[in-house]
Amino acid sequence: MSKSDADKAAQAKRVQQAQQRLATAKVTRDQRKADAEFDFWADVAAAIDSGEVKQTEACEAIDFKREYVRRQLIEHRAQAAARAETDTTD
């Protein structure tokens, strides 16, 4: 293999490693975003469920429409149940 072929192969390997690193970083970012979103809606649900605020007051505080919050809370509760089920089966 000539020197330029060796250089090309080394460069290709560096690119592949960088791509793998970036793909892993994206997965981590996506998981953190999902966890942050889950935690946010857990806080909203807890505030409403405890009676600390009414749903309309929570909507006002977070600047979302009531219907959107209602749907997000339904989705959050489903995710929480799925996570709880996963945690107990491990």
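Conventions used here
Residues numbered from 1 in each chain as written. Predicted model: local features only at pLDDT ≥ 70, side-chain atom pairs only at ≥ 80, totals over all residues. Heavy atoms only, no water. Core = buried A, V, L, I, M, F, W, Y, C linked by side-chain atoms within 4.5 Å. Buried < 20%, exposed > 50% of the residue type's maximum accessible area, 1.4 Å probe, protein only. Helix = DSSP H or I, 4+ residues; strand = E, 2+ residues; numbered from the N terminus. Contact = heavy atoms within 4.5 Å. Expected span 1.5 Å × (residues − 1). Phe/Tyr/Trp six-rings, centres within 6.5 Å; stacked < 30°, edge-to-face > 60°. Lys NZ or Arg CZ within 6 Å of the ring centre and 35° of its normal. Salt bridge = Lys/Arg side-chain N within 4 Å of Asp/Glu carboxyl O.

J.: What is the right way to read the nonpolar core from this model?
T.: Looking at soluble globular proteins, one finds that nonpolar side chains tend to be buried together. Membership of the largest hydrophobic core is limited to eight residues, which are W41, V44, A45, I48, A58, C59, V69 and L73. Every element with two or more residues in this core is listed here: α1 (3-49), α2 (55-62) and α3 (66-89). When residues of this core are assigned to their parent elements, the largest contribution, four residues, is made by α1. Those residues in contact with I48 that sit more than four places away from it in its chain are V53, K54, Q55, A58 and L73.

J.: Could you clarify how one ought to interpret α1 in this entry?
T.: Because an α-helix packs 3.6 residues into every turn, residues spaced three or four apart end up facing the same way. The end-to-end C-alpha separation of α1 is 68 Å, in line with the 69 Å expected for 47 residues at 1.5 Å each. Those residues of α1 not exposed but buried are F38, W41, V44, A45, A47 and I48. Just beyond α1, the residue with positive phi is G51, at close to 85 degrees.

J.: What's the story with the packing of aromatic side chains in this structure? I'm lost.
T.: For any two aromatic rings, the description comes down to two numbers: the centre-to-centre distance and the angle of the planes. On inspection of all chains with the given rule, the structure shows four aromatic pairs. Between F40 and W41 the ring centres are 4.8 Å apart and the planes differ by 75 degrees, which places this aromatic pair in the edge-to-face class. Both rings, one in W41 and one in Y68, keep their centres 6.1 Å apart while their planes meet at 65 degrees; by these two values the pair is edge-to-face. Residue W41 is found in helix α1, and its partner Y68 is found in helix α3; the two are separated by 27 residues along the sequence. Among the aromatic residues, those joined into a cluster by ring pairs are F40, W41, F64 and Y68. The ring of F38 carries the charged tip of R83 above its face, separated from the ring centre by 3.7 Å.

J.: I keep staring at the environment of A47 and nothing clicks. Help me out?
T.: Within the secondary structure, A47 is located in helix α1. Taking the C-alpha atoms as reference points, A47 and A58, eleven residues apart in sequence, are found 7.9 Å from one another. Ignoring sequence-local partners within four residues, the contact set of A47 consists of E52 and V53.

J.: Honestly, the side chain of Q72 in this entry has me stumped. Any pointers?
T.: Its location among the elements puts Q72 in helix α3. The exposure class assigned to Q72 is buried, which follows from its relative accessible area of 14%. If sequence neighbours within four positions are ignored, Q72 has contacts with E37 and W41.

J.: What exactly am I supposed to notice about the pattern of salt bridges here?
T.: Applying the stated rule across the entire model yields five salt bridges. A salt bridge links D30 to R29; its shortest N-O distance comes to 2.7 Å. Among the ionic pairs, R83 bridges to D35, the shortest N-O distance being 3.3 Å. Of this pair, R83 sits in helix α3 while D35 is found in helix α1, placing the two residues 48 residues apart along the sequence. Looking at R83, the relative accessible area reads 32%, which means it is partly exposed.

In short, geometric facts, not functional conclusions.
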